[in-house]
Amino acid sequence: MFPDAEALVVSYLRPLVAPVKVATRVPAQRPDALVRVVRTGGSLRSVAHEDAQITVECWATDSVAASDLARQVAAALEVMDVPGGHVPQGPPGWVGRPAYLEDPIAGVPRYVMTVLVRLRRLP
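Sequence order sets the numbering: in each chain, residues are counted from 1 along the sequence as written. Local features in a predicted model are, by the rule used here, given only for residues with pLDDT of at least 70; side-chain atom pairs are given and counted only at 80 or more, and totals for whole chains, interfaces and linings are based on all residues. With hydrogens and water stripped out, all remaining heavy atoms of the structure feed into the side-chain values.

Caption draft 1: Fine view of the pattern of salt bridges. For this analysis, a salt bridge means a side-chain nitrogen from Lys or Arg found within 4 Å of a carboxyl oxygen belonging to Asp or Glu. By the definition in use, this model includes 8 salt bridges. One salt bridge connects Asp51 with Arg118, and the closest N-O pair in it is separated by 2.7 Å. Taken together, the positions of Asp51 in strand β3 (residues 49–59) and Arg118 in strand β7 (residues 110–120) put the pair 67 residues apart, joining distant regions of the chain. Given the relative accessible area of 6%, Asp51 is considered buried. With a closest N to O distance of 2.7 Å, Arg110 and Glu57 form a salt bridge. Here the residue Arg110 occupies a position in strand β7, and Glu57 occupies one in strand β3, the gap between them amounting to 53 residues. Assessed through its relative accessible area of 13%, Arg110 is described here as buried. Judged by its relative accessible area of 9%, Glu57 falls in the buried class. Ionic contacts of the salt-bridge type, sharing partners, join the residues Arg36, Glu57 and Arg110 into one network. The helix and strand labels rest on DSSP assignments: H or I over at least four residues marks a helix, E over at least two residues marks a strand, and numbering proceeds from the N terminus. Relative accessibility decides the category of a residue: with a 1.4 Å probe and only protein chains considered, values under 20% of the type maximum give buried, values over 50% give exposed, and everything between is partly exposed.

Caption draft 2: Just the pairing of strand β2 (residues 34–44), in detail. Two strands are said to pair when DSSP picks up at least two bridges between them. Where strand β1 (residues 21–23) and β2 come together, 3 bridges link them in parallel fashion. Each residue of the ladder has a partner; that of Lys21, found in β2, is Leu34. Sheet topology places β2 next to β3; 10 bridges connect them, and they run antiparallel. Residue Arg39 lies in a different strand from β3, and its bridge partner there is Ile54. Linkage of β2 to β3, two consecutive antiparallel strands, is achieved through a turn of 4 residues.

Taken by themselves, the reported measurements are silent on function.
Shown next as structure tokens:
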């Protein structure tokens, strides 16, 4: 069994972007600033490793604040290496760098990025 990729990324990002809320779901009352972590796929790399595709959404009150938050999150993910998993350096770790994709429902600024988190099988 492999670690829960979403939980791994959420627990890694929370202290790095505090006081911004980091979660796997958008609350009914979305805060002004929010980072959402969602597993959107992945593949089994070997018996010992799995690559989990993780999409991260960053909302803020305006496009500048959303961009700043996305760049902060991207910088943290670029060096993520924690017990249980890491984001591979360079192109192997990134499916898509931060891109501005306005929230189609709320019409508010949002940046989206997708990384691969290489998980290590649990003992």
